[in-house]
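Secondary and tertiary structure notes
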Amino acid sequence: MAYLLSLDQGTTSSRAIVFDGAGAILSVAQKEFEQIFPQAGWVEHSPAEIWSTQISVAVEALAAAGLAPSQISGIGITNQRETTLVWNRLTGKPVYNAIVWQDRRTAAFCDQLRAEGVEGDVQDRTGLRLDPYFSGTKLRWILENVEGARAQAERGELAFGTVDTWLIWNLTGGAIHATDPSNASRTLLYNIHSNDWDAEMLRLLGVPRSVLPSVLPSSGLFGEASHSMLAAPIPIAGVAGDQQAALFGQACFAPGLTKNTYGTGCFMLMQTGSKPVASTNRLLTTVAWKAGGVTEYALEGSVFIGGAVVQWLRDGLKLIRTAPEVEQLAATVADNGGVYLVPAFAGLGAPHWDPYARGAILGLTRGASAGHVARAALESIAYQVTDLVSAMEADSGIHLAELRVDGGAAGNNLLMQFQADLLGVPVVRPGITETTALGAAYLAGLAVGVFSGRDQIQKQWREDRRFDPSMPREKVAELRAKWSKAVARAQSWEE
């Protein structure tokens, strides 16, 4: 039996999962790490903690599976995207904390570029919008604001990477500085048509080419993980950003197949085949993966605060003790009681792209209870996803037949039923909801010969539960109209 180790480095925790060749989970290890908020709108992670938690859970997962590193055929890496790290090539020491994808500190610079009229050209080249979300402006901020960083970068002494690159660098003892096209396409620095770093974007953002990693296929050999804690070298053979990995793990191999991941944020991707589809509805065009010599693309809508709104109910408001309790609390009321929660804690993502929006709870009366707030929080996730589907159908000309779902909040039955009701199509939860880690394992397994091809992977995909819509469409229209009104109130709150 072949075994694969998937390293799933997320926004709030590092995880490692061991899969067998049938796609079954043998073990899981997970560690949360600190979220750093230096000031309003800023979000950082410790690069050292990202690495230490990831390598420790890798060792823990192998031990839990009863496997030696020598028994692992390959490592797949999947990661929180856009999060930006810069380190010294000689020492391996970061020059600054990792700036997280949620961070909004470069909003004013994005406004400045937009005022210069370059957004259309940026979107044509990168498939992305001018937003603080992406890595390029974060990298520029580090080069401009960390003492000596610009000069070091110009001398070729610094390395930039998204989290996958940071993990590869550390796993290989600094021998490999590389990423894959799915992660590169989230940086604002990568041309999705030529599949190379874009000289004009480097000029626009003031980024020296010397800091950039090599771009290697998502499914293919990156190098060998030779860290002493693993005790034996293991091929790193699959790399993809978390949402593209989930698309692969959901076996969305044909154009039109769509998945939504309910994680810290919500991320919907529709596979569009081997040609990028330009968005006219404020979505993103992104590389899905490069495998078998072919680059494939996806349309993507990103919601910044998905499951994180439940964490806020737990940690901020103390309404619940554990995240799963939210379903029980929300079920204490029959409906939202007219309460709407817009979780724009880090601005609004697609299709609004408003970094100045802020969170709001509207429709409160004396009759509103903790149950109504909990229900409004859960429903906010589904409303945001439904807004994405509307934009995606308009862009692609494809009417959604079903939505495949994964991520932590996909286990919430109340939320999944409400999602199906809003969409008017079935919501399908797979047997294995760890599709992000599974996708990375599949990409690695294809590269090292564990899987003969995508047909074998397709046959492993299993449905766990299907949620069919039951709400009258007039009621859906009424609820969505109120939601849109609430979003309008939350927009442009900050100047």
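In the block above lies the structure referred to throughout.
Residues numbered from 1 in each chain as written. Predicted model: local features only at pLDDT ≥ 70, side-chain atom pairs only at ≥ 80, totals over all residues. Heavy atoms only, no water.

Brief notes about helix α12 (residues 370-396)
- Taking 1.5 Å per residue, 27 residues should reach 39 Å; α12 reaches 40 Å between its end C-alpha atoms and fits that length.
- For α12, the tally of buried residues reaches 22 of 27 residues, placing the bulk of the element in the interior.
- Count one or two residues on from α12 and you reach Gly397, which has phi positive near 70°. (Helix = DSSP H or I, 4+ residues; strand = E, 2+ residues; numbered from the N terminus. Expected span 1.5 Å × (residues − 1). Buried < 20%, exposed > 50% of the residue type's maximum accessible area, 1.4 Å probe, protein only.)

A short note on the packing of helix α9 (residues 242-249) against helix α14 (residues 435-448)
- Packing of α9 against α14 brings their axes to within 7 Å, and their N-to-C directions diverge by 75°. One way to sum up the angle between α9 and α14 is to call them roughly perpendicular. Counted together, Asp242, Ala245, Ala246, Phe248 and Gly249 of α9 and Thr435, Thr436, Leu438, Gly439, Ala440, Tyr442, Leu443 and Leu446 of α14 form the full contact between these two elements.
- Across the contact of α9 with α14, the residue classes tally to eight nonpolar, four polar and one charged. (Axes fitted to C-alpha atoms, helices over the stretch in contact; angles between N-to-C directions. Parallel < 35°, antiparallel > 145°, perpendicular 65-115°, else oblique. Contact = heavy atoms within 4.5 Å. Nonpolar A, V, L, I, M, F, W, Y, C, P; charged D, E, K, R; others polar.)

A closer look at the pairing of strand β6 (residues 85-88)
- What you see with β6 is no split at all: Leu85 and Trp87 on one side and Val86 and Asn88 on the other are buried throughout.
- Note that β6 and strand β8 (residues 158-161) share four bridges and pair antiparallel. Each residue of the ladder has a partner; that of Trp87, found in β8, is Ala159. (Pairing = 2+ DSSP bridges.)

Side note on helix α4 (residues 135-145)
- Among the 11 residues in α4, eight count as buried, and that is most of the element.
- Among the residues of α4, those classed as buried are Ser135, Gly136, Thr137, Lys138, Leu139, Trp141, Ile142 and Leu143.
- Each element contacted by the buried residues of α4 is listed here: β6, β7 (98-99), α2 (107-115), α5 (149-154), β8 and α8 (199-205).

Regarding the sheet that holds strand β21 (residues 403-406)
- An order of β17-β18-β16-β15-β21-β22-β23 is seen for the seven strands of this open sheet, with the pairing classed as mixed. The sheet is open, and its two edges are formed by β17 (284-291) and β23 (463-467), each paired on a single side. Adjacent strand axes in the sheet meet at a mean angle of 30°, parallel and antiparallel pairs treated alike.
- Bridge analysis of strand β15 (residues 258-262) against strand β16 (residues 266-273) gives five bridges, and the strand direction is antiparallel. Pairing of Thr261 across the sheet is with Phe267, part of β16.
- Helix α13 (residues 413-423) contacts β15, β21, β22 (427-430) and β23 of the sheet and is inclined by roughly 145° relative to β22.

Examining the packing of aromatic side chains
- In this structure the tally under the stated criterion is 21 aromatic pairs.
- An aromatic cluster is built from Trp101, Tyr133, Phe134, Phe267, Phe304 and Trp353, whose rings are joined through pairwise contacts.
- Of note, Arg105 hangs over the ring of Trp42, and the distance from its end group to the ring centre comes to 3.8 Å. (Phe/Tyr/Trp six-rings, centres within 6.5 Å; stacked < 30°, edge-to-face > 60°. Lys NZ or Arg CZ within 6 Å of the ring centre and 35° of its normal.)

Fair warning: the whole summary comes from geometry, so function is off the table for now.
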